[in-house]
Every structure is written in structure tokens, then in C-alpha cells.
Amino acid sequence: TDASVCERFLLHGTTPDIVMSILQNGTNERYSGGHFGKGTYLAEDAAKMDQYVTADTKEDERYRHLHECLYTSQGIDHPGQVYYTF
């Protein structure tokens, strides 16, 4: 970051079932219900963002399409347990 221009790295933690929507639409508040209503919530502190993520395990069949897009189609094995942040 560059403090002279007030830059900050911000994080958005999410669950596996939301990842495809974010990849397709970005972190657009029109597509987000959020825990506190519509909006895109970002945090500077990874510990804060960490409260909103859940594990994606390779055994979870609900995320087969996500796994195909992110891992299988790229020739990459699912690492076993993944937490998604943007």
C-alpha cells in the first residue's frame, strides 16, 4: 500500500456457494444479500474477514461445478480444504 495516496488492501471473505456468483458478477451489491443487508462488505483485517468464510472440501458434491471451473479444467487437483477471499 502507499500511505501517501491512502491506498489499502481490502478483503472480502465468502462461502463456496457464493464464489461462482462473484466470479461472474464481481462483488456487486445488487447480487449480495449479505449478513447485514445488501452491500459489499470489505475488511482491512484478515481476522475480521475470516469470520465469514467456510471451508470448501473436495468431497463436497454441492460444489462440483465450482471445482470443475477452478481446478479440474485447469489440470489442478483440489487442495483438500479451501477458504475463498477476494
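Within the protein, the secondary structure is distributed over three helices and four strands. Secondary structure elements of the protein, listed N to C terminal, follow the sequence β-α-α-β-α-β-β. In terms of overall dimensions, the protein has a C-alpha envelope of 45 × 30 × 20 Å along the principal axes. The buried share of the protein, taken over its 86 residues, is 24%. At a minimum sequence separation of 6, the contacts of the protein that also span at least 24 residues come to 61%. Counting only carbon and sulfur atoms, one obtains 51% of the accessible surface of the protein, whose full area is about 6,200 Å². In the protein, 7 positive and 13 negative side-chain charges are present, and the distance between their average locations comes to 6 Å.

Along the chain, Leu23 turns up in helix α1 (residues 16-25). Relative accessible area serves as the criterion here: at 47%, Leu23 is assigned to the partly exposed category. Those residues in contact with Leu23 that lie beyond four places of it in its chain are Leu70 and Phe86.

With that settled, consider the pattern of salt bridges. As enumerated under the stated definition, the model contains three salt bridges in all. Here Asp60 and Arg62 are joined by a salt bridge, their closest N and O atoms 2.6 Å apart. Taking the relative accessible area as the measure of exposure, Asp60 reaches 17% and is therefore buried.

Here we take up the nonpolar core. Of all hydrophobic cores here, the largest spans seven residues; its members are Val19, Met20, Tyr63, Leu66, Tyr71, Val82 and Tyr84. The residues contacting Val19, other than those within four sequence positions of it, are Thr14, Leu66, Leu70, Tyr84 and Phe86.

Within the secondary structure, Glu59 is located in the loop between β2 (56-57) and α3 (64-70). With relative accessibility at 56%, the residue Glu59 sits in the exposed group. In the structure, Glu59 is positioned 29 residues away from Arg30 in sequence and 31 Å away in space, judged by C-alpha atoms.

Once that is clear, we can look at the environment of Leu66. In this fold, Leu66 is placed in helix α3. With relative accessibility at 3%, the residue Leu66 sits in the buried group. Leu66 sits 10 residues away from Asp56 along the chain, and the two C-alpha atoms are 10.0 Å apart.

Reading guide: rules and limits
- Residues numbered from 1 in each chain as written.
- Predicted model: local features only at pLDDT ≥ 70, side-chain atom pairs only at ≥ 80, totals over all residues.
- Heavy atoms only, no water.
- Helix = DSSP H or I, 4+ residues; strand = E, 2+ residues; numbered from the N terminus.
- Buried < 20%, exposed > 50% of the residue type's maximum accessible area, 1.4 Å probe, protein only.
- Contact = heavy atoms within 4.5 Å.
- Areas by Shrake-Rupley, 256 points an atom, 1.4 Å probe, with all protein chains shown as cover.
- Lys, Arg positive; Asp, Glu negative; His and termini not counted.
- Charge placed at Lys NZ, Arg CZ, Asp CG, Glu CD.
- Salt bridge = Lys/Arg side-chain N within 4 Å of Asp/Glu carboxyl O.
- Core = buried A, V, L, I, M, F, W, Y, C linked by side-chain atoms within 4.5 Å.

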